[in-house]
Amino acid sequence: MTDEKDSEGNLLPDSERLTRIGKFVRSTSIDELPQLINVLKGDMALIGPRPLLPQYLSLYSSEQARRHEVRPGISGWAQCHGRNAISWTEKFKLDVWYVDHVSLSTDMKVIFITIKNVLMRKDINSATATTMEYFDGTN
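Below is a short write-up of the structure. All of these numbers come straight from a predicted model, not from anything done at the bench. (Residues numbered from 1 in each chain as written. Predicted model: local features only at pLDDT ≥ 70, side-chain atom pairs only at ≥ 80, totals over all residues. Heavy atoms only, no water.)

1. What about the pattern of salt bridges?
Okay, step 1: Tallied over the full model, the rule gives 6 salt bridges.
Okay, step 2: Connected through shared salt-bridge partners, Glu63, Arg66, Glu69 and Asp100 make up one network. (Salt bridge = Lys/Arg side-chain N within 4 Å of Asp/Glu carboxyl O.)

2. Concerning the packing of aromatic side chains
Okay, step 1: Considering all chains together, one arrives at 8 aromatic pairs under this definition.
Okay, step 2: An angle of 75 degrees between the planes, with centres 5.6 Å apart, marks the rings of Tyr56 and Phe135 as edge-to-face. Here the residue Tyr56 occupies a position in the loop between β1 (45-47) and β2 (73-75), and Phe135 occupies one in the segment after α6 (104-120), the gap between them amounting to 79 residues. Take Tyr56 and Phe135: they sit in the same class, and that class is buried.
Okay, step 3: These aromatic residues form a ring-pair network of at least three members: Tyr56, Tyr60, Trp88, Phe92 and Phe135.
Okay, step 4: One cation-aromatic arrangement involves Lys91 over Trp88; the distance from NZ or CZ to the ring centre is 5.1 Å. (Phe/Tyr/Trp six-rings, centres within 6.5 Å; stacked < 30°, edge-to-face > 60°. Helix = DSSP H or I, 4+ residues; strand = E, 2+ residues; numbered from the N terminus. Buried < 20%, exposed > 50% of the residue type's maximum accessible area, 1.4 Å probe, protein only. Lys NZ or Arg CZ within 6 Å of the ring centre and 35° of its normal.)

3. Section: the environment of Asp43
Okay, step 1: Looking at the element boundaries, Asp43 is found in the loop between α3 (35-41) and β1.
Okay, step 2: Placed 30 residues apart in sequence, Asp43 and Gly73 show a C-alpha to C-alpha distance of 9.0 Å.
Okay, step 3: Separated by 3.4 Å, the side chains of Asp43 and Lys41 make a polar contact. (Polar contact = N/O pair within 3.5 Å; in protein donor to acceptor, adjacent residues only side chain to side chain.)

4. Details of a nonpolar patch on the surface
Okay, step 1: Where nonpolar side chains cluster on the molecular surface, the patch consists of Leu104, Met108, Ile111, Phe112, Ile115 and Leu119 and spans about 630 Å² of accessible area.
Okay, step 2: Position of Ile115 among the secondary structure elements: in helix α6.
Okay, step 3: The class for Ile115 is partly exposed, based on a relative accessible area of 45%. (Patch = residues over 30% accessible without salt bridge, like charges linked within 9 Å, V, L, I, M, F, W, Y side chains within 5 Å. Areas by Shrake-Rupley, 256 points an atom, 1.4 Å probe, with all protein chains shown as cover.)

5. Considering the side chain of Arg66
Okay, step 1: Its location among the elements puts Arg66 in the loop between β1 and β2.
Okay, step 2: Side chain to side chain, Arg66 and Asp100 meet in a polar contact 2.5 Å long.
Okay, step 3: Not counting residues within four places of it along the chain, the set of residues in contact with Arg66 comprises Val96, Val99 and Asp100. (Contact = heavy atoms within 4.5 Å.)

What follows is the structure, given as structure tokens:
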């Protein structure tokens, strides 16, 4: 992305700042490859709820915070079932569902669905933005 700003100094919307190379990297999920280093270090798993921004921590309800009962992953149940095209409410609901249903079988489903979704370039953008909107604790 570029750091282009409007006349008042505010960043332009993501859709206007995303370069052609950036669009390709996002649509092919190449930007996820560096996270494999975190998996090898043991900081992340291949499968689990996607890590979110640290500033969101204080905004979680007790139910939403349950997503931290398992190690974060490169792909997870919410990524397979909507990625950036679902609401924050649905994303948290799916993350907690995963926490309650962790198993080798569930992880294998996530792997296969993730591969299919990446190849189909499915659910990359939200309905209202090029990237996911910021979580403000209410949506």
